[in-house]
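Single-letter residue listing:
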Amino acid sequence: MNSTITTKGGVQIFYKDWGPKDATPIVFHHGWPLSADDWDNQMLFFLSKGFRVIAHDRRGHGRSTQTDDGNEMDTYAADVQELADHLDLKRAIHVGHSTGGGEVARYVARAKPGRVAKAVLIGAVPPIMLKTAANPGGLPLEVFDGFRNALVANRAQFYLDVPSGPFYGYNRAGAKADQGVIWNWWRQGMMGGAKAHYDCIKAFSETDFTEDLKKIAVPTLVMHGEDDQIVPIADSALLSAKLLRAGTLKTYKGLPHGMCTTHPQVVNPDLLAFATS
């Protein structure tokens, strides 16, 4: 079924909840500026394997309320906590891609006992994307200012350019672009709110998840494409895996940021192996 919850602050969060309610729950957290629909392949795959699968649209994204406030990681994590409480999720596996990986890190670090069994970070933004004195390998602020400027100038064109190029690696020599994938990215992006998407750029680029990662005690799989042009692997997965108490790193030669969409036949079996281990 599809449904919504209303948070304590009055924000409606849309979510999908498919499969047997007594099965192991897997909760999927999408990237910027997308929606729960970005997980269609994985949702159907794990549903067919007997899992309960859940995915929500982050506030300001997809079918959730187009909020003009609360578009930062603490509130995103609080929204997830309210969803987990509403569904009474026990020993769930939380899987986050890109910005969703940051959301997972913050939520899992603060989750109530018994709520979370495992976590997966895929092409995820932690520990921190922004270049700072403490994080010299990060991306300069100008990169994210460029995102903001492009969003303000022509969001519709920007949301075509990102999936047509670096997100799925379609800008690489010999790559064959999938027009349906590009349009689906655009469709999801344009469903969300411009203000929320603008604010979320700061959330995914400037939030420092170092302490969150150190607090996470559950087994955590870190998956990352070695040709990720959106979240470069050297300053993300390679660092996150070292900060986690029970982290496992798995990298993928030549795969792009959006590898869950371009290479589900590679990603899904590895996710399944971790979920059932």
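Residues numbered from 1 in each chain as written. Predicted model: local features only at pLDDT ≥ 70, side-chain atom pairs only at ≥ 80, totals over all residues. Heavy atoms only, no water.

### Examining the pattern of salt bridges
- Applying the stated criterion across every chain yields a total of 21 salt bridges.
- For the salt bridge of Lys16 with Asp40, the shortest nitrogen-to-oxygen distance reads 3.4 Å. Placement of the pair is Lys16 in strand β2 (residues 12–18) and Asp40 in helix α1 (residues 40–48), with a sequence separation of 24 residues.
- Among the residues examined, Lys16 registers a relative accessible area of 6% and is labelled buried.
- Where Arg59 meets Asp79, a salt bridge forms, and the shortest distance between an N and an O atom there is 2.7 Å. Taken as a pair, Arg59 in the loop between β4 (52–56) and α2 (73–87) and Asp79 in helix α2 lie far apart in primary sequence, 20 residues in all. The residues Arg59 and Asp79 share a single accessibility class, namely buried.
- In this structure, a network of salt bridges that share partners links the residues Lys16, Asp37, Asp40, Asp57, Arg63 and Arg187. (Salt bridge = Lys/Arg side-chain N within 4 Å of Asp/Glu carboxyl O. Helix = DSSP H or I, 4+ residues; strand = E, 2+ residues; numbered from the N terminus. Buried < 20%, exposed > 50% of the residue type's maximum accessible area, 1.4 Å probe, protein only.)

### Describing the packing of aromatic side chains
- The full count for this structure, using the stated rule, is 18 aromatic pairs.
- When the ring of Phe45 is compared with that of Phe46, the centres are 5.0 Å apart and the planes differ by 85°; the resulting orientation is edge-to-face.
- By relative accessible area, Phe46 is classed as buried at 1%.
- Judged by centre distance (5.4 Å) and plane angle (80°), the rings of Phe46 and Phe51 are edge-to-face.
- When its relative accessible area of 8% is taken as the criterion, Phe51 is described as buried.
- Here the aromatic cluster, defined as three or more aromatic residues joined through ring pairs, consists of Trp32, Phe144, Phe147, Phe158, Tyr159, Phe167, Tyr168, Tyr170, Trp185 and Phe204. (Phe/Tyr/Trp six-rings, centres within 6.5 Å; stacked < 30°, edge-to-face > 60°.)

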